[in-house]
Amino acid sequence: MDTGVGFFATHDAMRPAPLARLVEDHGQTALYFPEHSHIPASRESAYPGGGKLPRQYAHTYDLFVTLAAAVTATSSLRVGSGICLVIERDPIHTAKEVASVDHLSGGRFEFGVGAGWNREEMANHGTDARVRMAVMRERIEAMQAIWTTDEAGYRGEHVAFDRIWSWPKPAQRPYPPILVGGNGPTVLDRVLAFGDVWFPNFSEGVLDRIAELRERADEAGRAIAVYAMGVPADAATLERCRAAGVARAVHWLPSANRAVVEPALERWERAFAEING
């Protein structure tokens, strides 16, 4: 099991480039940035974490601007979206952005995707929350077509376009790994349909479902890893993750300046060091 970190890159916290260099210098495997284009002021959708929505959700830089800053400041760190809200994005533009970041990084990008939870945010982008899972699947399939063919076309119920040319293609073949976020009852169906990795928010229930994913992946002739997001800096929890088969444990760092971020990163490293003797 290796480790990574997640970070809400806000305009009043540590900048993405120096943050990425710090994470790489500390020997972490990967760095992930979340995405929210905006937060509706209505706040009708309840925050899944309970209580008041954390301030940073409405203060992040654009995801792909952040990713570009991070990959150009590093040389070995895996950098990814954690997660990209593809249901709120045009698939042709997003395919171009993914391919561009992967090409600029020399093949270090990881494409974490999800359908999100904020229904008002989806509606502002013209997405009906009732069909968001179908929209997500078609947009990802359309992007896969763009990445893997010189002359791509796609026709579905929610996404349709005639033959197009779009370069660059991703550096990774056939395309960057697709990390499917989500913890819901049908998430494993989506992982098996178009994912390479299951990327849930950490919970004890997630660990209990890994055996089911392995069994279903074996039946489908697939090899699917599990990366857990939001793992606490606790050695006992990390040991349970490793025993359950988590391939990468990811810890959220605070959205703050370096004086706060670096000690938090060091606490995460000490917890991992405990289980490795």
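Okay, so let's go over this structure.

Definitions and limits used
- Residues numbered from 1 in each chain as written.
- Predicted model: local features only at pLDDT ≥ 70, side-chain atom pairs only at ≥ 80, totals over all residues.
- Heavy atoms only, no water.
- Helix = DSSP H or I, 4+ residues; strand = E, 2+ residues; numbered from the N terminus.
- Rg over C-alpha atoms; globule rule 2.2 N^0.38 Å.
- Buried < 20%, exposed > 50% of the residue type's maximum accessible area, 1.4 Å probe, protein only.
- Contact = heavy atoms within 4.5 Å.
- Areas by Shrake-Rupley, 256 points an atom, 1.4 Å probe, with all protein chains shown as cover.
- Lys, Arg positive; Asp, Glu negative; His and termini not counted.
- Charge placed at Lys NZ, Arg CZ, Asp CG, Glu CD.
- Axes fitted to C-alpha atoms, helices over the stretch in contact; angles between N-to-C directions.
- Parallel < 35°, antiparallel > 145°, perpendicular 65-115°, else oblique.
- Left-handed = near helix turned anticlockwise from the far one by under 90°.
- Nonpolar A, V, L, I, M, F, W, Y, C, P; charged D, E, K, R; others polar.
- Salt bridge = Lys/Arg side-chain N within 4 Å of Asp/Glu carboxyl O.

## Details of the overall build of the chain
In step 1: Scanning the chain from terminus to terminus reveals nine helices and 10 strands.
In step 2: Taking 19 Å as the expected radius of gyration for a compact globule of 277 residues, we find that the chain reaches 18 Å, a close match to that expectation.
In step 3: Looking at the chain residue by residue over its 277 residues, the buried ones come to 53%.
In step 4: Taking as baseline every contact in the chain between residues at least 6 positions apart, the subset at least 24 positions apart corresponds to 70%.
In step 5: Approximately 12200 Å² of the chain is accessible, and the part contributed by carbon and sulfur atoms is 50%.
In step 6: Looking at the chain, you have 29 positive and 35 negative side-chain charges, and the mean spots of the two groups are 2 Å apart.

## Some words on the packing of helix 1 (residues 16–25) against helix 9 (residues 258–275)
In step 1: Relative orientation of the contacting elements helix 1 and helix 9 amounts to 25 degrees, with a least axis distance of 11 Å. One way to sum up the angle between helix 1 and helix 9 is to call them roughly parallel. Between helix 1 and helix 9 lies a crossing whose hand is right-handed. Residue-level contacts link Leu-19, Leu-22 and Val-23 of helix 1 to Arg-258, Val-261, Glu-262 and Leu-265 of helix 9.
In step 2: Among the residues making up the contact of helix 1 with helix 9, the classes are represented as five nonpolar, no polar and two charged.

## Observations concerning the pattern of salt bridges
For side chains bearing opposite charge, pairing can occur when the charged atoms are close.
In step 1: By the definition in use, this model includes 15 salt bridges.
In step 2: Between Arg-248 and Glu-110 there is a salt bridge; the shortest N-O distance is 3.1 Å. Here Glu-110 lies in strand 4 (residues 109–114) and Arg-248 lies in strand 10 (residues 248–252), a separation of 138 residues in the sequence. Residue Arg-248 shares its accessibility class with Glu-110, and that shared class is buried.
In step 3: For Glu-141, the salt bridge is made with Arg-137, and the minimal N-O distance between the two is 3.0 Å. Within this pair, Glu-141 and its partner Arg-137 are both found in helix 5 (residues 132–148), separated by four residues, close to a single helical turn.
In step 4: The exposure class assigned to Glu-141 is partly exposed, which follows from its relative accessible area of 26%.
In step 5: Since its relative accessible area comes to 39%, Arg-137 is described here as partly exposed.
In step 6: Connected through salt bridges with shared partners, the residues Asp-2, Arg-78, Glu-110 and Arg-248 form a single ionic network.

## Here's the deal with unusual backbone geometry
In step 1: Here Gly-82 and Ile-83 are connected by a cis peptide whose omega angle stands at 10 degrees.
In step 2: Look at the link from Arg-173 to Pro-174: it is a cis peptide, with omega at 0 degrees.
In step 3: With respect to the element layout, Pro-174 can be found in the loop between strand 6 (160–164) and strand 7 (178–181).

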